Amino acid sequence: MLRSAWRSLLHHKLRLILSGVAIVLGVGFVVGTLIFTDTLNTTFTNLFADTSSDVVVTPAQDSGGRAFAGTVPTMPGSTLDDVRAVQGVAAAGGQVLVDGVSVVDQAGEVLGTPGAPQFGSNWSDDERLTPFRLVEGRGPSAPNEVALDSVSAEKSGYSVGDTVRLVTPTGPLSVTLAGVFRYGTSGNLAGATIAAFSTDFAQELLLGGEDAYTEIDVVASESVTQDALAAAVRAVVGDGVTVRTGQEAADDATAQITEGLAFVNIFLLVFAGIALFVGTFIILNTFSMLVAQRSRELALLRALGATRGQLVRSLILESAVLGLVGAVLGIAVGVGVAFGLEGLFGALGADIPTEGLVVLPRTIVVGVAIGVLVTVIAALSPAIRASRIPPMAALRDDVALPTRSLRLRAVLGTLLLAGGLAAMTAGAASGGGSGSQLVGLGVVGALVGAIVVSPAIAGPLVRVLGFAFPRLFGTVGSLAVQNAERQPRRTAATASALMIGLALVSALTIFATSAKASITEVIDRVIGAEFLVSSGAQRPFPEQVASDLAATEGVAAVAGVKLVPVQVADTGTLLVAADPGALGRMITLPFVAGSLADVGAGGVAVDTQTAADQGIAAGDPVSVQLPTGATLEYRVTALYEPAGAYSGYVVDRASLAEADVAVGDSFVYVLAAEGADLGQLQSDLEAGLADYPTVQVQSQAEFKAQITSSVDQILLVMVMLLSLAILIAILGIVNTLVLSVVERTREIGMLRAVGALRRQIRSMVVLEALVIAVFGAVVGLGLGVWFAVSLQRTLVDQGIEVLEIPWAGLAFFLVLAGVVGVLAALWPAFRAGRLNVLEAISTE
């Protein structure tokens, strides 16, 4: 039986190629995802491990993930003195590290990966206390000097002695490049930039002149362990700071990055899983058709004494070998996929330098296991059906596999589909987190139900979709429809692969269109200002920007808005701080109690959703903890309905000034004077901010275009990831038709013998593919619309208030599915047309 299985595999190797390609692509996606995320994890792990001292002392407060000037927690210089006095300390140094110093290259462009930190730091000549390794020039020692990391120096084109343009929390700055340093041993900053100054100047520039540090690094004396030194330091510094060993600090930083990358990993693996799931339909169809074509051979094996178990094991062995070969090739493809993902993220602005791809043994094991298991599971049902062939069937000419009635599948599939649609409807009606969960369960149930019930509805639906074929194409059209009808399981399995892909693509397209329409509607309804000035990653910029804008001719008023990361009732959120009077002229919020005019002198406006979540009402006190550790007390004086992204706590910016929170503006609204030429005014505003390349002036239309472009970009990425599943579905159509032509060789020969022309045979195969593809597309698009509508209704409270279905886009998908079906049929149709009539008729 082993020899028989091996010979069968070799004999049918060409028929198994397309199934193997599906495994290669699916495994390649999984392996590529694992390699990509492992590479990122290793890059950051090495980065942190390479730059940690023996003991690290940091403020106990949480910066909220935004280490910007004015909000970054610090420790007084006296803490450094205390640490230096600890026995066992060989050296200790204070570090100033603040996000908010942008390096402007010689072309006037800001360096760095969008969203990555732009650090300002202090310089230390003691290499034991700093990861900076001087490679050219010297360290900065005067207020007008700076040292740049080697990557920034190379990209900017600056050399030692050149004047470097910077934008700092206090404004534009021109300094002399004193030196260039490498960060750690590799110089890899993962897209960030660092500008280092003398310690005194760094404190003045980044900490408002305060003698303080954001971190203290400690080097242990010989024979003193990290744990012992950490304990000694902890005993001296007391509460208010966190003391960790260098290893603990590196592990904590790595854990944060790993947690962040987990989303990327899961996100990509979901699409890889979809591709593999779609691939199982190809494998199922392939083995079902191969088993059907070998029915007499299998019956003969049974007549010669092979048991049912031996037949099953023989076919499972064939599938396992196919899966193993596909997995091995998929692992090789996965390396290319990892390079592709790296390039894709780079094209989207997330250019993260790596030190070479990391292929862990776990990745190889997972790739092989997935390839073999998926193939074996998909081939199991055909193998069991093959084992039911009676031995005496070997004596007959017309051997057929035992088939079961579709009645059970029809009932079960209908129940699952109806249950899934009902769950989505209930989730849409209830909304919120529980509603989203119901919709998610409903999507899975509906997809599974549609797959289960599709063989039962394939015949009737194919007849409906192909009703015009006999009139348009005559007998050829009738035969095409009948061919698709007579094997409903095969037709359904082939169409299901395309159905899944189009259901998800159409749902994503509808949701993205609705999101863009909702964003546009909120901006039109809320924002009254003609222009919005902002920087990337909501990085604060100097308040001088708002002053310069206000002085521009044609400007009626400006309103600077600060975003401060805070803790309210142990929940992290952003505090919106602005001048209530000025902000009230720029935006219109739907207040249900009070107004922006009531925000001031300790008042706070809260959106109703946040108020409900926190259990607060008008008149209640609210305690806000700043990243610096200080606590501000407010009282709820106004409540408003959330409008898209406009939600949260709104306070008077004067309250931050009273608490000595010197944080810059995150954006500025600009209201034009009546009758002003908006085009000229925008040009004047941009010219006035020439020294601030970190900020941009946008009209309302440009602001909306930027946000909707981001939505389109996300949609494009998701569709590109889903395109692999659709490609596998296309291969499934090709595979099914190729095997179908082989299975119907005698039938095609008979048609040729009674007068059918080659072109008619080709047309028959093409029309069969067309009706199968349209069948999958119609069901998929219908499910996709239901998915998207349900999801949109659950997210109304999150700002997706408008449902907009792009009917033209869905029609395009339907037409495209038909075109894809036709193209997929060209090769099988060409092969069918070339069959020799006499040889085809004599085929067994």
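Residues numbered from 1 in each chain as written. Predicted model: local features only at pLDDT ≥ 70, side-chain atom pairs only at ≥ 80, totals over all residues. Heavy atoms only, no water.

K.L.:
Help me understand the overall build of the chain in this model?
P.N.:
Assigned secondary structure in the chain consists of 25 helices and 24 strands. Principal axes of the C-alpha set define a box for the chain whose edges measure 95 × 70 × 50 Å. The buried share of the chain, reckoned over its 844 residues, is 51%. Contacts spanning at least 24 positions in sequence make up 82% of the contacts within the chain whose residues lie at least 6 apart. Carbon and sulfur atoms form 59% of the exposed surface of the chain, whose accessible area is close to 35,900 Å². If you average the places of the 48 positive and of the 71 negative side-chain charges in the chain, the two averages end up 29 Å apart. (Helix = DSSP H or I, 4+ residues; strand = E, 2+ residues; numbered from the N terminus. Buried < 20%, exposed > 50% of the residue type's maximum accessible area, 1.4 Å probe, protein only. Contact = heavy atoms within 4.5 Å. Areas by Shrake-Rupley, 256 points an atom, 1.4 Å probe, with all protein chains shown as cover. Lys, Arg positive; Asp, Glu negative; His and termini not counted. Charge placed at Lys NZ, Arg CZ, Asp CG, Glu CD.)

K.L.:
Any chance you could explain the pattern of salt bridges here in plain terms?
P.N.:
Working definition: two side chains of opposite charge can pair if their charged atoms are close together. Under the definition given, this model contains 16 salt bridges. The closest approach of N and O atoms between Arg 539 and Asp 99, which form a salt bridge, is 3.0 Å. Linking Arg 539 in the loop between strand 15 (531-535) and helix 16 (544-550) with Asp 99 in strand 4 (residues 97-99), this pair joins segments that are 440 residues apart in sequence. Grouping residues by exposure puts Arg 539 and Asp 99 together as buried. Note that Asp 712 is salt-bridged to Lys 516, the shortest N-O span being 2.7 Å. On the criterion of sequence distance, the pair formed by Asp 712 in helix 21 (residues 700-743) and Lys 516 in helix 15 (residues 488-526) is long-range, its members being 196 residues apart. Given a relative accessible area of 33%, Asp 712 falls into the partly exposed group. Residue classification places Lys 516 among the partly exposed positions, given a relative accessible area of 22%. Via salt bridges that share partners, Glu 543, Lys 562, Arg 653 and Asp 665 belong to a single interconnected network. (Salt bridge = Lys/Arg side-chain N within 4 Å of Asp/Glu carboxyl O.)

K.L.:
I keep staring at the domain arrangement of the chain and nothing clicks. Help me out?
P.N.:
Think of interface size as the accessible area that goes away when the parts come together; that is how it is often given. When its domains are assigned, the chain resolves into domain 1 (61-238), domain 2 (457-528 + 700-844) and domain 3 (543-691). Domain 1 and domain 2 are separated by 56 Å when their C-alpha centres are compared. (Domains from an automatic or database assignment.)

K.L.:
Looking at this model, I keep getting lost on the sheet that holds strand 3 (residues 89-95). Mind explaining?
P.N.:
The strands making up a sheet associate through backbone hydrogen bonding, with each pair oriented either parallel or antiparallel. Taken in spatial order, the four strands make up an open sheet running 3-13-1-14, and their pairing is antiparallel. Both edges of this open sheet fall to strand 3 and strand 14 (241-245), since each of them pairs with a single strand only. Pairs of neighbouring strands in the sheet enclose a mean axial angle of 20°, with direction left out of account. Relative to strand 13 (residues 215-220), strand 1 (residues 55-59) runs antiparallel, the two sharing three bridges. Within strand 13, the residue paired with Val 57 across the bridge is Ile 216. Sheet strands touched by helix 3 (residues 77-84): strand 3 and strand 13. Its angle to strand 3, the strand with the most contacts, is close to 170°. The strands that helix 6 (residues 226-237) touches are strand 1, strand 3, strand 13 and strand 14; relative to strand 14, the one it contacts most, it runs at about 170°. (Pairing = 2+ DSSP bridges. Axes fitted to C-alpha atoms, helices over the stretch in contact; angles between N-to-C directions.)

K.L.:
For this particular structure, what's the right way to read unusual backbone geometry?
P.N.:
Note on backbone geometry: most residues besides glycine have negative phi, and most peptide bonds are trans. Not every positive phi belongs to a glycine, and Ser 223 is a case in point at roughly 70°. Note on placement: Ser 223 falls in the loop between strand 13 and helix 6. By relative accessible area, which is 78% here, Ser 223 ends up exposed.

K.L.:
So what exactly am I meant to see when it comes to empty space enclosed by the protein here?
P.N.:
Sizing a probe to match a water molecule and rolling it over the atoms shows the empty space that remains. Counted by the stated rule, this structure contains three cavities of 30 Å³ or more. Here the largest cavity defines a volume of roughly 80 Å³. Looking at the largest cavity, it is lined by 13 residues, and the ones nearest its centre are Asn 483, Gln 487, Arg 490, Ser 740 and Glu 768. In the lining of the largest cavity, the residues fall into two nonpolar, six polar and five charged. (1 Å grid on protein atoms, 1.4 Å probe; cavity = no way out; pocket = protein on both sides within 12 Å on 5 of 7 lines; lining within 4 Å. Points joined across faces, edges and corners; volume = space filled by probe spheres on them. Nonpolar A, V, L, I, M, F, W, Y, C, P; charged D, E, K, R; others polar.)

K.L.:
Any chance you could explain the packing of aromatic side chains here in plain terms?
P.N.:
Any two aromatic rings considered together are summarised by their centre-to-centre distance and by the angle between their planes. Applying the stated criterion to the full structure yields 10 aromatic pairs. When the centroid spacing of 6.2 Å and the interplanar angle of 50° are considered together, the rings of Phe 812 and Phe 813 count as tilted. The class for Phe 813 is buried, based on a relative accessible area of 15%. (Phe/Tyr/Trp six-rings, centres within 6.5 Å; stacked < 30°, edge-to-face > 60°.)

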